[in-house]
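For reference, the chains in residue letters:
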Amino acid sequence: MHPISQQIQERFPEAFVESIEALGELSVSVKREKVVDVCRFLHDDPGLAFDMITDICSVDFPNEEPRFEMIYQFYSIHKNRRIRIKARVPEEDCTIDSITGIWKGANFMEREVYDMMGIVFNNHPDLRRILMTEDYDEGFPLRKDFPVEGRGWRDTFEFLSS
Amino acid sequence: MEEIQEDKKIAFTPPDVAPYNDDDDFDQDPTSEKGAKRIEDMLLNMGPQHPSTHGVLRIVLDLEGETIVKATPHLGYLHRGVEKLAENSTYSQVIPLTDRLDYVCAMNNNYAFVRTVEKLLQVQVPERGEYIRTIVAEMQRLAGHLFWLGTQALDIGAMTVFFYTFREREVLLDLFELICGARLTMSYYRIGGVDRDFTPEIIDRLYKFLETFPEKVIEYNTLLETNRIWVARTKGIALISAEDAINFGLTGPVLRGSGVNYDIRKAEPYGVYDKVEWEVPLGKNGDTYDRYWIRVEEMRQSAKIIKQCLDQLPQGPITANLPTITYPPRDKVMTDMESLIHHFMIATRGFDVPEGEVYCGTEAPKGELGFYIRSMGGNKPYRLRIRPPSFIHMGAFDFMARGYMIADIVTIFGTYDIVMGECDR
């Protein structure tokens, strides 16, 4: 196992799920309850020093349980290495803790995940839709059960449905 | 006559409000804690249709006098659902979609995307292909920075530079037209190589352009750095410290302006960036002026990279020899039936990509443009995530705008080199 995943496993034995190394990239899966603690450890530990947030996104697996997967990408400027943290979020309780307390840049990225996938972030300072309009109520566009052509007014067009 | 006029008069009943009292607005007692005048906070809407927002960006400003207390960006006016569309397109069909992200620097977007797919497929691109890709990417960086320099100066009020930078950008766009037939939405890169080879004419014209380009950069410098108004409006504006910039995830010239040495071309070399000599310019103060200086210096470095690449340009194939993934040579497609069928199959059905996930960041002119692809096998990506630098830079906008004047707003989003096509996707 990669030394970083070993460190995470030793520090959070109850949260660690698995570690995969593929195509020169390290990705560590953790339980969603401990995401903030793991991220804070990655950010604060001087040996790891993942000081830069690269990206937050999510993937929808409608046939799997738990349904959603959160994906965090971090980068360490000093050590020049990347890590990917993954956490599964179930559909019934579609929430995860926000990491805006650690990286301020997570604010907009988490808002986008909420907007597109409908995952709610606890303790987020300003959780609103960001790309879609604020009164958009047709659902969450990047979920797999959302049609590519969209939903809404156009569903009533007769020449499209016939 | 007078009676009719009397009838037409609309009866006016005064509204039931308290009579106007001067004391409400002005406190007559100067020693009172309320102060001499009433102060009101002002909410000002800017955009989405505003000439200097570089697209459709709307910002709501909370003002105290002319000072910004809070700036709330409202994004999404150019949202076209590229990520959703990509989930339903084959990998090759995504390349034209990436053109429309950052439409000022289409080549770099193509490059970022094809690199990610190649990483997933573990494809090796032949040497000449890599050289051509690097040259074209740096040409696009030049065009992008020239575009930025012209429009940024224009936004602040230094109009002249715009005409000069667009003159050089035009030369580069003409070259792109020679290379691939398009000027803005290029789709020149292919998974495993590039679309067409360089002709001797392109190389000649590129050499000629590089001969005169360094003088042109000096020309822009003299136009701007001796302009006292331009200097006063850029120095000390939109300051951000290195720690904050890293914490916000800022990349590209915005991060390097704060003195952080992070350039993916050096940190994780790709293309032929490790085979040529060049430097990463770094700023000190993290203000708009430093970021201007970095972009100008990057133009010089890009010209240097292109020159060395042209000198070293080897002979050989431009695409990898992988018949299931790469297109057959263009001249054969028009004469050979098997090649035509093969071309048709790749263009319509695409090719299967093994299961897996990959993140690959590329240094675009605006910052780190990353693609995350989750593949479940098959010819379409299961999930394609674009990490757009402009969107993430907008996340720091409120933080960087607080305390500055309304007039500086244009400078602050100009300094990110923001393009809304990429921000909203």
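How each quantity is defined
- Residues numbered from 1 in each chain as written.
- Chains lettered and ligands numbered in written order.
- Predicted model: local features only at pLDDT ≥ 70, side-chain atom pairs only at ≥ 80, totals over all residues.
- Heavy atoms only, no water.
- Helix = DSSP H or I, 4+ residues; strand = E, 2+ residues; numbered from the N terminus.
- Areas by Shrake-Rupley, 256 points an atom, 1.4 Å probe, with all protein chains shown as cover.
- Contact = heavy atoms within 4.5 Å.
- Lys, Arg positive; Asp, Glu negative; His and termini not counted.
- Charge placed at Lys NZ, Arg CZ, Asp CG, Glu CD.
- Pairing = 2+ DSSP bridges.
- Axes fitted to C-alpha atoms, helices over the stretch in contact; angles between N-to-C directions.
- pLDDT = per-residue confidence, 0-100.
- Buried < 20%, exposed > 50% of the residue type's maximum accessible area, 1.4 Å probe, protein only.
- Buried area = accessible area lost by both parts, 1.4 Å probe.
- Salt bridge = Lys/Arg side-chain N within 4 Å of Asp/Glu carboxyl O.
- Polar contact = N/O pair within 3.5 Å; in protein donor to acceptor, adjacent residues only side chain to side chain.
- Nonpolar A, V, L, I, M, F, W, Y, C, P; charged D, E, K, R; others polar.
- Patch = residues over 30% accessible without salt bridge, like charges linked within 9 Å, V, L, I, M, F, W, Y side chains within 5 Å.

Overview of the overall build of chain B
Check the secondary structure of chain B and you find 19 helices and 8 strands. Taking the principal axes of its C-alpha atoms as reference, chain B extends roughly 95 × 55 × 50 Å. Counting every atom, chain B has about 18,700 Å² of accessible surface; 55% of that belongs to carbon and sulfur.

Notes on the overall build of chain A
What chain A contains, in helices and strands, is 4 helices and 7 strands. Starting at the N terminus and ending at the C terminus, chain A contains elements arranged as α-β-β-α-β-β-β-β-α-β-α. Long-range contacts, defined here as pairs at least 24 residues apart, represent 50% of the contacts in chain A between residues at least 6 apart. Of the roughly 7,400 Å² that chain A leaves accessible, carbon and sulfur atoms contribute 48%. If you average the places of the 20 positive and of the 31 negative side-chain charges in chain A, the two averages end up 5 Å apart.

Overview of the sheet that holds strand 2 (residues 58–64) of chain B
All names here are of chain B. The strand order across the open sheet built from 3 strands is 1-2-3, with neighbouring strands paired in antiparallel fashion. Each end of this open sheet is capped by a strand with a single partner; those strands are strand 1 (42–46) and strand 3 (67–74). Across the sheet, the mean angle separating the axes of adjacent strands is 20° when strand polarity is ignored. By the bridge criterion, 5 bridges tie strand 1 to strand 2 in an arrangement that is antiparallel. In the strand pairing of strand 2, Leu44 is matched with Leu61.

Thoughts on the confidence of the model for chain B
In the predicted model, chain B carries a mean pLDDT of 86, and the fraction of residues at 70 or more is 90%. Interface confidence in the predicted complex, given as ipTM, is 0.89; pTM for the same model is 0.86.

Focus on unusual backbone geometry
The amide bond that connects A:Glu65 to the next residue, A:Pro66, takes the cis arrangement and shows omega of -10°. The phi dihedral of A:Ala49 is positive, around 50°, even though this residue is not glycine. Located in the positive-phi region is B:Ala238, a residue other than glycine, with phi close to 60°. Relative to the elements of secondary structure, B:Ala238 occurs in the loop between helix 9 (228–234) and helix 10 (242–248). On the accessibility criterion, B:Ala238 (0% relative accessible area) is buried.

As for the pairing of strand 8 (residues 383–387) of chain B
All names here are of chain B. Of all 5 residues in strand 8, 5 are buried, a share of seventy percent or more. Because side chains alternate across strand 8, one face comprises the buried residues Arg383, Arg385 and Arg387, and the other comprises Leu384 and Ile386, equally buried. Pairing analysis gives 5 bridges linking strand 7 (residues 367–375) to strand 8, with the strands arranged antiparallel. Within the sheet, the bridge partner assigned to Phe371 lies in strand 8 and is Ile386.

A few points about the interface of chain B and chain A
Each partner contributes residues to the interface: chain B has 46 residues there, and chain A has 46 residues. Across the chain B/chain A interface, buried area totals approximately 3,800 Å², and carbon plus sulfur atoms make up 56% of it. Of all residues in chain B, B:Lys84, B:Asn247 and B:Tyr382 bury the most surface against chain A, accounting for 18% of the area lost on that side. Taken together, chain B and chain A are joined by 11 salt bridges. For B:Asp244, the salt bridge goes to A:Lys104, with nearest N and O atoms at 2.8 Å. Connecting chain B to chain A are 23 residue pairs in polar contact (both at pLDDT 80 or more). Considering only residue class, the side of chain B that touches chain A consists of 22 nonpolar, 10 polar and 14 charged.

Some details on the sheet that holds strand 4 (residues 68–76) of chain A
Residues and elements named next belong to chain A. With mixed pairing, the 5 strands of this open sheet are ordered in space as 1-2-5-4-3. The strands lining the two open edges of the sheet, one partner per strand, are strand 1 (16–22) and strand 3 (52–60). Direction aside, neighbouring strands of the sheet carry axes that sit 20° apart on average. Relative to strand 5 (residues 81–89), strand 4 is paired through 9 bridges, and the arrangement is antiparallel. Note that in strand 5 the partner of Tyr72 across the bridge is Ile85. Against the sheet, helix 3 (residues 106–117) makes contact with strand 3 and strand 4, and its axis sits at roughly 10° relative to strand 3, the strand it touches most.

Side note on helix 2 (residues 35–44) of chain A
Inspection of helix 2 of chain A places A:Val35, A:Val36, A:Val38, A:Cys39, A:Phe41 and A:Leu42 among the buried residues, and these make up the whole buried set. In the core, the buried residues of helix 2 of chain A are packed alongside helix 1 (3–11), strand 2 (25–30), strand 4, strand 5 and strand 6 (95–97) of chain A.

Focus on a nonpolar patch on the surface
Residues and elements named next belong to chain B. A surface patch of nonpolar side chains, about 430 Å² in accessible area, is lined by Met337, Ile341, Phe344 and Met345. In this fold, Met337 is placed in helix 15 (residues 337–348). A relative accessible area of 55% places Met337 in the exposed class.

Concerning the pattern of salt bridges
Under the counting rule described, the total for this entry stands at 55 salt bridges over all chains. Note that A:Arg88 and A:Glu64 form a salt bridge whose closest N and O atoms lie 2.9 Å from each other. Within this pair, whereas A:Arg88 is found in strand 5, its partner A:Glu64 is found in the loop between strand 3 and strand 4, the two being separated by 24 residues in sequence. By relative accessible area, A:Arg88 is classed as partly exposed at 25%. For the salt bridge of B:Glu297 with B:Arg300, the shortest nitrogen-to-oxygen distance reads 3.0 Å. Of the two residues, B:Glu297 and B:Arg300 are both situated in helix 13 (residues 288–312); the distance of 3 residues between them amounts to about one turn of the helix. Residue B:Glu297 is classed as buried on the basis of its relative accessible area of 16%. The exposure class of B:Arg300 is partly exposed, given its relative accessible area of 31%. Connected via shared salt-bridge partners are A:Glu25, A:Glu64, A:Glu69, A:Arg84, A:Lys86, A:Arg88, B:Lys119, B:Glu357 and B:Arg374.

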